[in-house]
Amino acid sequence: MSTSDITVDQVVLSARNIAKSFGAVQALKGVNFDIHRGQVTTLFGENGAGKSTLMKILSGVQLPSSGELLLNGVPVHIGSTVEARELGISIIHQELSLAPNMTVRDNVFMGREIMGPMGVNFAEEERQCRALMQELEEDIDPLALVEDLRLGQQQIVEIARALSVNSNILIMDEPTSALSAAEVEVLFKVIHDLKAKGVSIVYISHHLEEALTISDHAVVLRDGQMTAYAPRADIDLDWIVRNMVGENFDLGTPPQTRFGPPALVISNLSVPMASGTGLAVDQLDLTVHKGEIVCIYGLMGAGRTELMECAAGRISPSAGDVRLNDRSVAQMSIAQRIDAGLVLVPEDRQRDGLVQTMTVGRNLSLASIRRFTRGLFTHLGAERQIIDASIKEVTVKTDGPGAPIGSLSGGNQQKVVIGKMLVTHPDVILLDEPSRGIDIGAKAEVFRILAQHAAQGMAVVYSTSEVGECLSIAHRILVMRRGKIVAQFTHDTTKEAIMAASGESLVA
Amino acid sequence: MTDTTTSHSGAKPQRSFNIAQMLLEGRAFFALIAIILVFSYLSPNYATVSNFLIMSNHVAIFGLLAIGMLLVILNGGIDLSVGSVLGLTGVFSGYLMQGVQLEGAGVILYPPVWVVIVLTLALGAFVGFCNGVLIAWFKVPAFVATLGSLYVARGVALLMTNGLTYNNLSGDALLGNTGFDWLGFNRIAGVPVGVIVLVIVALLAAILLMRTAFGRWLYASGGNERAAELSGVPVKRVQITVYMLSGLCAAIAGLVLSSQLTSAGPTAGTTYELTAIAAVVVGGASMMGGRGTVQGTLLGAFVIGFLSDGLVIVGVSSYWQTVFTGAVIVLAVMLNSIQYGGKGARR
Ligand SMILES: Nc1ncnc2c1ncn2[C@@H]1O[C@H](COP(=O)(O)OP(=O)(O)OP(=O)(O)O)[C@@H](O)[C@H]1O
Ligand SMILES: [Mg+2]
């Protein structure tokens, strides 16, 4: 908010009257949008508001149905991502677009390989890649395979790729959804440096407070239309929320219920690291009662994902036991655990949550197939009931159950993954970063749904990297660090205490 | 194996006319009509009932293999062994029909036809089971595992016969094992039994895919194995079953073929796996898994069968036939990628 006062406010790229429809869905209805030189324009809006669509149009991924783009005042046609790159525009996609079977280095330079006399100059690529990782303060080996990286690290690779282009306009569509607070801080430092170099940035995030700290201009999209615009000086959190969803949402409070007997008992659980050496989860004990909501906070790599995947049966422990309703589930398959009432909502929805070739409805009913099978055959009416109930419960914004899953906005896809598991009526639900990519309205809704189920006796365990989410519906907040639970809090603690226990400093 | 990242290029709008959309989606059907029209025009012998029956008999063999192949491809795999399994099961049924000599007792056993059929089907399923176990439990890539069994099955068939052919499969009334040729020769209401078998298998497969939990599991694990597994789909069991069903289909085809020929040679069915794959692809299934239907595959089998028989009838050299078939396959794959690239499905 300082640079705008000194330099003349200059618009580098502006979108005029952009409309875009996908069949019957009108994703954008005549949007005007300006990007200012050397400044950060943040774009806010609910899930499905059209943010990603607008960004895809600016970066040449999609063509608008109507409207025009002006680059430095001159009309331009951006027909492909390559053309966009030549005009100095690059984008970090909301859904990762990396080749999992290739190395970090190859992904960073994909399509722009550095050529030497002997073909690709791998040494130079590796050097630049290392430098980028250093700038991002990440310890990622350029020669590691992307599929071996954690989700957060993959996101870093995606960011590194966009940074390596040296573009004038950098679009970031939810770049931090899988990053820890410390990593976000580093990214913000990088953004400040880029601004100083005159790079213009568009930033999209559902972490509103976080996004506010770097905005120079804020734009709010709602239902495909721009509903509000203001420079940073004129806005605050309330303004954004008001314009986004119309009223103020809070993330709820722990439901006042009496806990039942223990539903999930994890004792002395150890899980080896995927890389082989060391333990991702280290002799961990955890008991969750019926009706209780537990939040697990921790940095990336603290072992939260491994803990949950092990409890759900995806990976096997090296020691310890998991008991559900006083029955050991150690010998059970994932399917048996789901039937017994223990389900997991995975962290990475594209890789582990959704079947991209199936419709919204079939994704929603996937975990409950047995419930609508009568004898040998599936009962379509019964399935339809399950799907409709689920769409209503988690309020998925969709054309209908027959729509392809890829046509949903990111947040709505996330709701499908959660809805699919809730509709199995579990006793214990584990959610790994359930709020990844969903707007505050939806987040509040998800938490409300979870609280409601907890009040009816469901045990809920969710992990988060956003401290704000710890102090919402959770009765108990656990901090995980290097595979162990290092601290335990109740609802009346402070963000500072939680963050201190996790070993990270406070974001400014 | 699963594609963990998504591409954003696939979200182009499909703003074409409805007619173009319809042509694209029903392309195998329209291709079949076009083939029939063109050849009827070129040759008076093409569009006759007897020729259609002959061609359908050919299609039955490929169609049966293709339905098994479809299940495997829906799972994201491939089964290269079906041609060899067809040969092996044909020879095996021939071997049983000739009588099994029991070394110790010095008697020759002539199993009745139904026993022959059951044992032959079991053999096909067993080969498929071996494929499935190799792929699901030992993580051998499907291409390699089934390439291996392609060779092994063919080798065993040659060993069993010493390279010769079992010629007399009609059985003997005295021995009570007649009726084997019924599958290949008889007609019910004018329709060859082989075609009826194909229709029944296709119906069963369609019901399996559309109306059973297994079908749903298959589509899900073919589309995204990791997500399916986390949703409680027994992905390994599905994978093994799929290869068993493919082996079973190949065995049925083997029975029909050796019954049609009343002889069983060890080289029967060589390269048929490629025709089966072609039929599945022409029928609109995606080689990546998760997309495809039985109707499409059947149409694909008819397109390929009617095309190559038509070329024979109008006297095109067999070299050109090969070229045409290849061109049809490439065209089909191209259209598939247009269809699946444009549906807003982010691959
Ligand atoms: N390829 C597509 N086909 C059909 N509809 C689409 C497609 N892409 C987006 N849409 C629709 O356009 C609307 C806007 O989607 P978009 O992805 O831009 O939302 P968003 O604001 O980025 O939401 P989120 O915060 O959830 O990421 C949604 O209703 C979505 O369903
Ligand atoms: Mg989006």
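In this text the structure is predicted, and so the values were computed from the model without any measurement. Here the residue numbering is sequential within each chain, running from 1 through the sequence in written order. Each chain gets a letter, beginning with A, and each ligand a number, beginning with 1, in the order they are written. Only residues with pLDDT of at least 70 get local features here, since the model is predicted, and only at 80 or more are side-chain atom pairs given and counted; chain-wide, interface and lining totals rely on the full set of residues. For the side-chain quantities, the full set of heavy atoms in the structure was used; hydrogens and water were omitted.

Caption draft 1: Expanded view of the overall build of chain A. Numbering of helices and strands runs from the N terminus; a helix is a DSSP stretch of H or I covering at least four residues, while a strand is a stretch of E covering at least two. In terms of regular secondary structure, chain A is built from 18 helices and 24 strands. The atom set for the radius of gyration is the C-alpha atoms, and the globule formula is 2.2 Å times the number of residues raised to the power 0.38. In terms of C-alpha radius of gyration, chain A reaches 23 Å, essentially the compact-globule figure of 23 Å for 508 residues. Its C-alpha atoms give chain A principal-axis dimensions of about 70 × 50 × 50 Å. Classification of residues uses two cut-offs on accessible area relative to the type maximum, computed with a 1.4 Å probe and protein chains only: under 20% is buried, over 50% is exposed, and between them is partly exposed. The buried share of chain A, reckoned over its 508 residues, is 58%. Two residues qualify as a contact provided that any one of their heavy atoms is within 4.5 Å of a heavy atom in the partner residue. Considering only contacts in chain A between residues 6 or more positions apart, those separated by 24 or more positions represent 68%. Counting every atom, chain A has about 19,700 Å² of accessible surface; 51% of that belongs to carbon and sulfur. Residues scored as positive are Lys and Arg, those scored as negative are Asp and Glu, and His as well as the terminal groups of each chain are ignored. For this purpose, a charge sits on NZ of Lys, CZ of Arg, CG of Asp or CD of Glu. Here chain A holds 45 positive side-chain charges and 60 negative ones, and the gap between their average locations is 5 Å. Note on areas: these come from Shrake-Rupley sampling with a 1.4 Å probe, and a residue is covered only by the protein chains present in the view.

Caption draft 2: Molecular detail of the coordination of the magnesium ion (ligand 2). Residues and elements named next belong to chain A. Keep in mind that water is not among the atoms, so a site may look incomplete; donors are the N, O and S atoms within 2.8 Å of the metal, or 3.2 Å for Na, K and Ca. The protein atoms that coordinate the magnesium ion (ligand 2) are Ser52 (OG) and Gln94 (OE1), at distances spanning 1.9 to 2.1 Å. With Ser52 in helix 2 (residues 51-58) and Gln94 in the loop between strand 6 (89-92) and helix 4 (104-108), the pair connects residues that are 42 residues apart, well separated along the chain. Here Ser52 and Gln94 have matching classes, each one buried.

Caption draft 3: Region of the structure containing the pairing of strand 15 (residues 293-298) of chain A. Residues and elements named next belong to chain A. Across the six residues of strand 15, six count as buried, placing the element largely inside the fold. Because side chains alternate across strand 15, one face comprises the buried residues Ile293, Cys295 and Tyr297, and the other comprises Val294, Ile296 and Gly298, equally buried. Examined bridge by bridge, strand 15 and strand 22 (residues 459-464) share five bridges and lie parallel to one another. By the bridge assignment for strand 22, Cys295 is matched with Tyr462. Sheet topology places strand 15 next to strand 23 (residues 476-481); five bridges connect them, and they run parallel. When the sheet's bridge partners are listed, Gly298 is paired in strand 23 with Met480. Strand pairing is defined by DSSP finding a minimum of two bridges between the two strands.

Caption draft 4: Structural context of the interface of chain A and chain B. Listed per partner, the contact involves 48 residues of chain A and 35 residues of chain B. As a working definition, buried area equals the accessible area (1.4 Å probe) given up by two parts on being put together, with both sides summed. With both sides pooled, the region where chain A packs onto chain B buries about 3,700 Å², and carbon together with sulfur makes up 54% of that total. Within this document, salt bridges are pairs made up of a side-chain nitrogen of Lys or Arg and a carboxyl oxygen of Asp or Glu, the two lying within 4 Å of each other. Salt-bridge contacts for Asp352 of chain A lead to Arg226 of chain B; the nearest nitrogen and oxygen are separated by 2.7 Å. Two N or O atoms count as a polar contact when they lie within 3.5 Å, although within protein this holds only if one can serve as hydrogen donor and the other as acceptor, and sequence-adjacent residues are included solely when both atoms are side-chain atoms. Across the chain A-chain B interface, the total number found is seven residue pairs in polar contact (both at pLDDT 80 or more). Those elements giving two or more residues to the side of chain A that touches chain B turn out to be strand 1 (11-22), helix 11 (334-340), helix 12 (349-353), helix 13 (360-365), strand 20 (377-378), helix 14 (380-393) and helix 15 (410-422) of chain A. Per-element tally for the side of chain A that touches chain B: the top contributor is helix 12 of chain A, with four residues. For the side of chain A that touches chain B, the per-class residue count stands at 23 nonpolar, 15 polar and ten charged. Under the scheme applied here, ten amino acids are nonpolar (Ala, Val, Leu, Ile, Met, Phe, Trp, Tyr, Cys and Pro), four are charged (Asp, Glu, Lys and Arg), and all others, including Gly, are polar.

Caption draft 5: Local environment of the sheet that holds strand 14 (residues 279-289) of chain A. Residues and elements named next belong to chain A. Strand order in the open sheet formed by four strands is 14-13-16-17, and the pairing between neighbours is antiparallel. Only two strands of the sheet have a single partner each, and these edge strands are strand 14 and strand 17 (327-328). Pairing geometry for strand 16 (residues 319-324) and strand 17, over two bridges, is antiparallel. Counterpart to Leu324 in the pairing with strand 17 is Arg327.

Caption draft 6: A look at the sheet that holds strand 12 (residues 225-231) of chain A. Residues and elements named next belong to chain A. Spatially, the six strands line up as an open sheet ordered 6-9-10-3-11-12, and their pairing is mixed. Strands at the two margins of the open sheet, each flanked by one partner only, are strand 6 and strand 12. Taking the axes of each pair of neighbouring strands and ignoring which way they run, one obtains an average angle of 15° across the sheet. Bridge count for strand 6 against strand 9 (residues 169-173) is four bridges, and the pairing is parallel. For Ile92, the partnering residue across the bridge sits in strand 9 and is Met172. Only C-alpha atoms enter the line fits that serve as axes; for helices the fit covers just the stretch in contact. Angles between N-to-C directions range over 0 to 180 degrees. In the packing of helix 2 onto the sheet, contacts are made with strand 3 (40-45), strand 6, strand 9, strand 10 (200-204) and strand 11 (217-222), and the angle to strand 3 comes to roughly 140°.

Caption draft 7: Layout of the domain arrangement of chain A. Residues and elements named next belong to chain A. Domain start and stop positions are those given by an automatic or database domain assignment. Once the domains are mapped, chain A shows domain 1 (3-245), domain 2 (260-341 + 427-508) and domain 3 (351-425). A C-alpha centroid distance of 31 Å is found between domain 1 and domain 3. With eight residues of domain 1 at the contact, the number on the domain 3 side is nine residues. Of the roughly 540 Å² buried between domain 1 and domain 3 on both sides combined, carbon and sulfur atoms contribute 36%. In this structure, the salt-bridge partner of Lys397 is Asp223, at a minimum N-O distance of 3.5 Å. Across the domain 1-domain 3 interface, the total number found is three residue pairs in polar contact (both at pLDDT 80 or more). Residue composition of the side of domain 1 that touches domain 3, grouped by class: one nonpolar, four polar and three charged.

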